[in-house]
Amino acid sequence: MGAAPSTPRGDAEPKQKAEYLLGTFVGQKPQDLRSQFWQKLLALPLDFYWPESTVKDACQSLAQNNCHTRHLAKLLIHLIWSLQEAAAAAPGAWAVYSRAINAARFSSVFLKYLIENSKGDNFEEPLFLNLTDNDVKGDGFPQVDRIKEFVIQGLLGFIGTSDVTPSTYLLHLEVVNLLLVAMSTQLHSGPSPGPKDVHPFIDAAMVQESALVGPFVRRLLISFITRVPAPLSAAYHLSISKVSQPGVLRKVGSAAATVVLLPYYTYNYLLSSSGEISKRPLADNSVLLLLVLVHYRKGLLVEEATEDKLDANGGDTATFGESSCFHHNPYARALESARDIEFDRVDVEGNAHGGPIVRLPFASLFDTLGACLTDETSILLLYSLVHGNSDFLEYVLVRTDLDTLLIPILEMLYDAPRRSSNQIYMLLIILLILSQDSSFNASIHKLILPNVSWYQERLLHQTSLGSLMIVILIRTVQYNLLKLRDVYLHTNCLATLANMAPHVHRLSAYASQRLVSLFDMLSRKYIKLAEVNSTKITALKHNPSEGKDLAEDMPTELHIYTDFLRIVLEMINAILTYALPRNPEVVYAILHRQELFRPFKDHPRFYELVENIYTVLDFFNSRIDAQHTDGEWSVEKVLQVIVANSWSWRGEGMKMFTQLKFTYEQELHPEEFFIPYVWKLVVSQSGVDFNLDTIHLFEARSPAEDASQEKIFDAPISPFIDV
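Residues numbered from 1 in each chain as written. Predicted model: local features only at pLDDT ≥ 70, side-chain atom pairs only at ≥ 80, totals over all residues. Heavy atoms only, no water.

**Student:** An account of the overall build of the protein is needed here, citing residue identities and associated values.
**Tutor:** In terms of regular secondary structure, the protein is built from 29 helices and nine strands. Across the 723 residues in the protein, those meeting the buried criterion constitute 53%. Counting only contacts in the protein whose residues sit at least 6 apart along the sequence, the fraction spanning at least 24 positions is 75%. Of the roughly 31700 Å² that the protein leaves accessible, carbon and sulfur atoms contribute 51%. (Helix = DSSP H or I, 4+ residues; strand = E, 2+ residues; numbered from the N terminus. Buried < 20%, exposed > 50% of the residue type's maximum accessible area, 1.4 Å probe, protein only. Contact = heavy atoms within 4.5 Å. Areas by Shrake-Rupley, 256 points an atom, 1.4 Å probe, with all protein chains shown as cover.)

**Student:** So what's going on with the environment of Tyr664? Which residues, and what values?
**Tutor:** As for its position among the elements, Tyr664 is in strand E8 (residues 663-665). Residue classification places Tyr664 among the buried residues on the basis of a relative accessible area of 7%. A sequence separation of 234 residues divides Tyr664 from Ile430, and the C-alpha atoms of the two residues are 9.4 Å apart. Side-chain polar atoms of Tyr664 contact the side chain of Tyr383, separated by 3.0 Å. (Polar contact = N/O pair within 3.5 Å; in protein donor to acceptor, adjacent residues only side chain to side chain.)

**Student:** Lay out the side chain of Asp340 with the relevant residues and their values.
**Tutor:** Among the structural elements, Asp340 can be located in strand E4 (residues 339-340). No salt bridge forms around the buried Asp340; measuring N to O, its nearest opposite-charge neighbour Arg359 is 7.2 Å away. Non-local contacts of Asp340, meaning those with residues more than four positions away in its chain, are made with Arg359, Leu360, Pro361, Phe362 and Tyr395. (Lys, Arg positive; Asp, Glu negative; His and termini not counted. Salt bridge = Lys/Arg side-chain N within 4 Å of Asp/Glu carboxyl O.)

**Student:** Quick rundown of the pattern of salt bridges? Include the residues and the values.
**Tutor:** Under the criterion given, the structure shown has 23 salt bridges. One salt bridge in this structure joins Arg399 and Asp367, with 3.3 Å as the shortest N-O distance. Taken together, the residues span a long stretch of sequence, with Arg399 in the loop between helix H17 (390-398) and helix H18 (403-414) and Asp367 in helix H15 (residues 362-372) at a distance of 32 residues. For Asp367, a relative accessible area of 39% corresponds to the partly exposed category. In this structure, Arg419 engages Asp415 in a salt bridge whose closest nitrogen and oxygen atoms are separated by 4.0 Å.

**Student:** Residue-level account of the environment of Arg475, with values.
**Tutor:** Considering the arrangement of structural elements, one finds Arg475 in helix H21 (residues 465-484). Separated by 18 residues in the primary sequence, Arg475 and Cys493 have C-alpha atoms spaced 9.7 Å apart. Setting aside its immediate chain neighbours within four residues, Arg475 contacts Tyr414, Tyr455 and Glu457. A polar contact of 2.8 Å, which involves the side chain of Arg475, links it to the backbone oxygen of Tyr414.

**Student:** Tell me what's going on with the packing of helix H16 (residues 376-388) against helix H28 (residues 671-685), and back it up with residues and numbers.
**Tutor:** At a closest axis distance of 10 Å, the pairing of H16 and H28 adopts a crossing angle of 150 degrees. Between H16 and H28, the angle is such that the two are roughly antiparallel. Handedness of the H16/H28 crossing: left-handed. Of the residues in H28, those in contact with Glu376, Thr377, Leu380 and Tyr383 of H16 are Phe674, Tyr677, Val678, Leu681 and Gln685. (Axes fitted to C-alpha atoms, helices over the stretch in contact; angles between N-to-C directions. Parallel < 35°, antiparallel > 145°, perpendicular 65-115°, else oblique. Left-handed = near helix turned anticlockwise from the far one by under 90°.)

**Student:** Outline empty space enclosed by the protein, listing residues and values.
**Tutor:** This model, assessed by the stated rule, comprises three cavities of 30 Å³ or more. The calculated volume of the largest cavity comes to roughly 130 Å³. Lining the largest cavity are 15 residues, and of these Glu570, Ala574, Phe657, Thr658 and Gln659 sit closest to its centre. Quantified by volume, the second largest cavity comes out at close to 50 Å³. What lines the second largest cavity is Ile470, Leu497, Met500, Ala501, Val504, Leu507, Leu515, Met571 and Ile575. Residue assignment for the lining of the second largest cavity shows that the elements contributing at least two residues are helix H22 (487-500) and helix H24 (544-578). (1 Å grid on protein atoms, 1.4 Å probe; cavity = no way out; pocket = protein on both sides within 12 Å on 5 of 7 lines; lining within 4 Å. Points joined across faces, edges and corners; volume = space filled by probe spheres on them.)

**Student:** Could you give an account of the packing of aromatic side chains, with specific residues and numbers?
**Tutor:** Per the stated rule, a full pass over the model turns up 28 aromatic pairs. Here the aromatic rings of Phe37 and Trp38 are separated by 5.0 Å at their centres, their planes lie at 70 degrees, and the arrangement is edge-to-face. According to the relative accessible area criterion, Trp38 is buried, its value standing at 0%. Between Phe216 and Tyr331, the aromatic rings sit 6.1 Å apart at their centres with planes inclined by 80 degrees, giving edge-to-face as the arrangement. (Phe/Tyr/Trp six-rings, centres within 6.5 Å; stacked < 30°, edge-to-face > 60°.)

**Student:** So what about the side chain of Gln423? Which residues, and what values?
**Tutor:** Within the secondary structure layout, Gln423 lies in helix H19 (residues 421-435). When its relative accessible area of 4% is taken as the criterion, Gln423 is described as buried. The contacts of Gln423, once residues within four sequence positions are left out, are Thr374, Glu376, Ile379, Met412 and Tyr677.

**Student:** Any details on unusual backbone geometry? Residues and values, ideally.
**Tutor:** Notably, Arg227 is not glycine yet its phi reads approximately 45 degrees, a positive angle. Looking at the element boundaries, Arg227 is found in the loop between helix H10 (210-226) and helix H11 (232-238). Arg227 sits in the buried class, given a relative accessible area of 19%. Phi angles above zero are rare outside glycine, and Gln462 is one such case at about 50 degrees. By the secondary structure assignment, Gln462 is in strand E7 (residues 461-464). With a relative accessible area of 56%, Gln462 lands in the exposed category.

**Student:** Break down the confidence of the model for the protein for me, with residues and values.
**Tutor:** In this model, the protein carries an average pLDDT of 83, and 79% of its residues clear a pLDDT of 70 or more. When the criterion is pLDDT under 50, residues 305-323 qualifies, and its contacts beyond four places in sequence or with other chains add up to 32 contacts. Ignoring residues within four places in sequence, the model shows residues 346-352, a span with pLDDT below 50, making six contacts including any to other chains. (pLDDT = per-residue confidence, 0-100.)

**Student:** Please give an account of the nonpolar core that cites residues and values.
**Tutor:** Of all hydrophobic cores here, the largest spans 223 residues; its most connected members are Phe216, Tyr331, Phe597 and Trp679. Residues contacting Phe597, with those up to four places away along its chain left out, are Phe519, Leu569, Ile572, Ile590, Val610, Ile613 and Tyr614. (Core = buried A, V, L, I, M, F, W, Y, C linked by side-chain atoms within 4.5 Å.)

**Student:** Break down helix H8 (residues 169-183) for me, with residues and values.
**Tutor:** The end-to-end C-alpha separation of H8 is 21 Å, in line with the 21 Å expected for 15 residues at 1.5 Å each. By the criterion of burial, H8 is predominantly enclosed, with 15 of the 15 residues buried. (Expected span 1.5 Å × (residues − 1).)

**Student:** Which residues make up the packing of helix H7 (residues 147-161) against H10, and what values do they have?
**Tutor:** Interhelical geometry of H7 versus H10 gives an angle of 55 degrees and a closest axis separation of 8 Å. When the axis of H7 is compared with that of H10, the two are oblique. Note that H7 runs across H10; the crossing there is left-handed. Taken together, the residues of H10 that come into contact with H7 (itself represented by Gln153, Leu156, Gly157, Ile159 and Gly160) are Leu212, Pro215, Phe216, Arg219 and Leu220. Considered class by class, the residues forming the contact of H7 with H10 number six nonpolar, three polar and one charged. (Nonpolar A, V, L, I, M, F, W, Y, C, P; charged D, E, K, R; others polar.)

**Student:** Describe H7, naming the residues involved and giving the relevant values.
**Tutor:** Between its terminal C-alpha atoms H7 stretches 21 Å, which fits the 21 Å expected from 15 residues at 1.5 Å a residue. Counting buried positions along H7 yields 13 of 15 residues, so the element is predominantly enclosed.

**Student:** Before we move on, could you go through the environment of His172 and cite the residues and values that matter?
**Tutor:** Relative to the elements of secondary structure, His172 occurs in helix H8. With relative accessibility at 2%, the residue His172 sits in the buried group. Through-space distance from the C-alpha of His172 to that of Leu83 is 10.0 Å; in sequence the pair is 89 residues apart. When residues no more than four places from it in sequence are discounted, the contact partners of His172 are Phe158, Ile159, Ser162, Asp163, Val164 and Leu282.

See below:
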């Protein structure tokens, strides 16, 4: 393949012509940027078999010769020209679309190979994206040292300005996938890009102006919202099995056009890691691309973050942290600035937002997220929106149908053993963010669910959404305590429950029982730890040299469970202090198991909280004792006494405590979690056939190996939670 190909005769077969053009592209002789060769290459009707060995040899030859031919850079330039032509073409210009699809597919295949086979962390060198002055003379040619910027601007501009139609669907999909390939240099470096790390295409994307970034981000989100399925003709040829056509993707086109495609083994566009065929690959991969860009953060050296680091709009490009600073991310900023197309605060307040505003139909976005939350990318998108975009968070909080989002979230938490660790963390943090709003905590108790079919332990009829949420969060804590023992998961769950406590309204009997059972479980764990710690302290006194190491680890865990137990006691106190008349079932549950609180009456960390609980217990015990009844007390009779006396309860003798208020904040370096997480999703879901053996960003496992690790919480987010 590396040798000079022989020129085919005029009557040569199409396969011979195709092999000649491919051989010329990867060969040793440079082709001028203006040569007709490029038009012939992109016009190839690749409707014949391309063996895997042929493509592999071609990639190896280009890797050897690209340093002096610069054919990859020239191909990328022709790709942008083809996209510009496609954007300006009349609807149904099949030949124009075919050339652009070919250019994108060729670029993806060879660019992916060069990235995956690069040596070291500098990806500029093996790609050779610079041209000579002679190559780019004339109007319309990019500057010799700005090829990657020219390419990124062209790709973003095409997506941001071109509508998706049945005719252009495949072209949009190819461009989105090419951008994923171009950004995949991150797979071969660490999770926290530093000042000296070079990622040519994503670095070029990060310096684009908001006027280009805004429409691009909007189009990606619109693709997610509309979730247009692949046209039938595209779905047919893209889902051809490897088994039936080994090493090949053979195009079966419509009567109107033939779209050329490279071998199937290079791109499994519609096949997920589970082997299932995606019916909406453009929507799915658009979200993945957006998440890659939104969660990218590159550090700057502190001494480099000076006043001359200004973007085109005059804003600082660096954010100062405790010991480092970071480039601003225009894609994160665009997502944060998105406003509802139906209503914008600027229309009322007259305060213009900096830069162009991304306007979206929040109602459609909300509904689509609710329908797609079983997918991890949708969960991460929802997190990105409620954490970063205050307008969307406010929109979610005022919706009256919160069950659209909450029911899928709670069902996934119920099924936690089958979910990935990252998925569980994202779901819990979303709930924590929502629970920071008091109106949310109040409204979820007003929404009554007729039944909860997926909850198996017990029939739940006519239960409030708030009661269900408390049941699921407590269940998650109990599962974690028994199986996983993850401190951060405990923290997130208990923080959300504490935020909800003062606003509890008519908590169901089952939820009330589970709340007391949570105290029981944590108290038994605490008592056990305290006893072990006491034993170790005694051992330390008798044998200091032997007991020293034993005593060092236990206090940390003991202190953690002391804090957890106090949070639960404060939750119970908040309900009894602020909402007792509205929660007779909580009072009954505490009365029923009042012996659980006795061991903590004299505890220095708990006694004040327990005193309040005993104030309530004494009040209602005396009222029950004062009743003269024939026969045994039934649940109904006790509840009648509680309800009858709740309204005469004045809280006399109760000590008032400051309400707990937990808020979520990202850590100083969130990219250390989010960059690997997002790329795991890209590798497993995009359909791009990345070489797992070359990935350094995370431990790449096969789907079967991943399935065996599902129950292990191996990537804690370690959120910062303010009280």
